[in-house]
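Structural features, examined
One-letter residues, chain by chain:
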Amino acid sequence: MMVKVPLKSLFCQLRKLNATTDRSLAMAGLRALSTNVDGPKLQEMIRSIVPGLTSDKYKGQCGRLGIVGGCREYTGAPYFAAISAMKVGADLAHVFCTEDAATVIKSYSPELIVHPILDSSDAELQWAQWVGRMQAVVIGPGLGRNPSVLSNAKSFMKKVMELHLPLILDADGLWILLSDPGLIHGYSKAILTPNAVEFARLLEAVVWKDILPTVLVNNPDWSRKMWLLMPTKWRS
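Thoughts on the packing of aromatic side chains
- This model, assessed by the stated rule, comprises four aromatic pairs.
- For the pair Y79 and Y108, a centre-to-centre distance of 5.2 Å together with 65° between the ring planes defines the contact as edge-to-face. Of the two residues, Y79 sits in helix α4 (residues 76–87) while Y108 sits in helix α5 (residues 99–108), which places them 29 residues apart along the sequence.
- With relative accessibility at 17%, the residue Y79 sits in the buried group.
- On the numbers, 4.5 Å between centres and 10° between planes, the contact of W127 with F156 is stacked. One end of the pair, W127, is in helix α6 (residues 123–130); the other, F156, is in helix α7 (residues 147–162), and 29 residues separate them in sequence. Pair check on accessibility: W127 and F156 agree, each one buried.
- Among the aromatic residues, those joined into a ring-pair cluster are Y79, F80 and Y108.

What to know about the sheet that holds strand β6 (residues 136–139)
- One open sheet holds the six strands; their spatial order is β5-β4-β3-β6-β7-β8, and the pairing between them is parallel. Across the chains shown, the open sheet's two edge strands, defined by having one partner strand only, are β5 (113–115) and β8 (190–192). Between one strand and the next, the sheet's axes are offset by a mean angle of 20°, whatever the strand orientation.
- Bridge count between strand β3 (residues 64–68) and β6: four bridges; the pairing is parallel.

Concerning the packing of helix α8 (residues 172–179) against helix α9 (residues 196–206)
- At a minimum axis distance of 9 Å, the contact between α8 and α9 shows a crossing angle of 15°. Classified by the angle their axes make, α8 and α9 are roughly parallel. Classified by chirality, the crossing of α9 by α8 is left-handed. Along its contact with α8, which presents L174, W175, L177 and L178, the element α9 presents E198, R201, L202 and A205.
- Class assignment of the residues belonging to the contact of α8 with α9 gives a composition of six nonpolar, no polar and two charged.

Calculation notes
Residues numbered from 1 in each chain as written. Predicted model: local features only at pLDDT ≥ 70, side-chain atom pairs only at ≥ 80, totals over all residues. Heavy atoms only, no water. Phe/Tyr/Trp six-rings, centres within 6.5 Å; stacked < 30°, edge-to-face > 60°. Helix = DSSP H or I, 4+ residues; strand = E, 2+ residues; numbered from the N terminus. Buried < 20%, exposed > 50% of the residue type's maximum accessible area, 1.4 Å probe, protein only. Pairing = 2+ DSSP bridges. Axes fitted to C-alpha atoms, helices over the stretch in contact; angles between N-to-C directions. Parallel < 35°, antiparallel > 145°, perpendicular 65-115°, else oblique. Left-handed = near helix turned anticlockwise from the far one by under 90°. Contact = heavy atoms within 4.5 Å. Nonpolar A, V, L, I, M, F, W, Y, C, P; charged D, E, K, R; others polar.

So this is what it looks like as structure tokens:
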């Protein structure tokens, strides 16, 4: 029987189980989330990537994520990125934002750990004290385009790559690459999440000029092929 399984309920169930299933099912599970699939099979797929809860674990062993972003104008995006990670099993979510965004983001949820360092004069020093505790880092949600904040975020990105951590670049994190596409040259642990407009900008910066966002939206097959060209270009 094909059913739609409520994801919140599913993840709550899976966190009570030990993750023993072959992890090769993980990608298949992710692809199946938005489709109608057999309920037990979906549970098995997700179980392969959700850490199991046992009595010998302590807080932080099931995922520590850093979100770099959040400024006065944009406080929602870093919150949603952080709280979404926690809802699917991460233990700790840290948000590294500007000072004037910190109280707002913290007020959204007491579960988040908020660091108002993104616009401080010693941002790099403070980041160095925390980044080693992260298991993955997302840079960009709600980052904004203040030059000094972008400069600090770029330094944060370099430190992440020095430590060989998984890195996700979203929103204005992608804006940083427009001026320095070689920044992630050869870094295999980076994932980019552009929308159509951001994708066009990246293609223009890396491959060629005058790519229209509407062309990408109306030609998804072509867009996927062009996306494959980008890391090839960066590696050359």
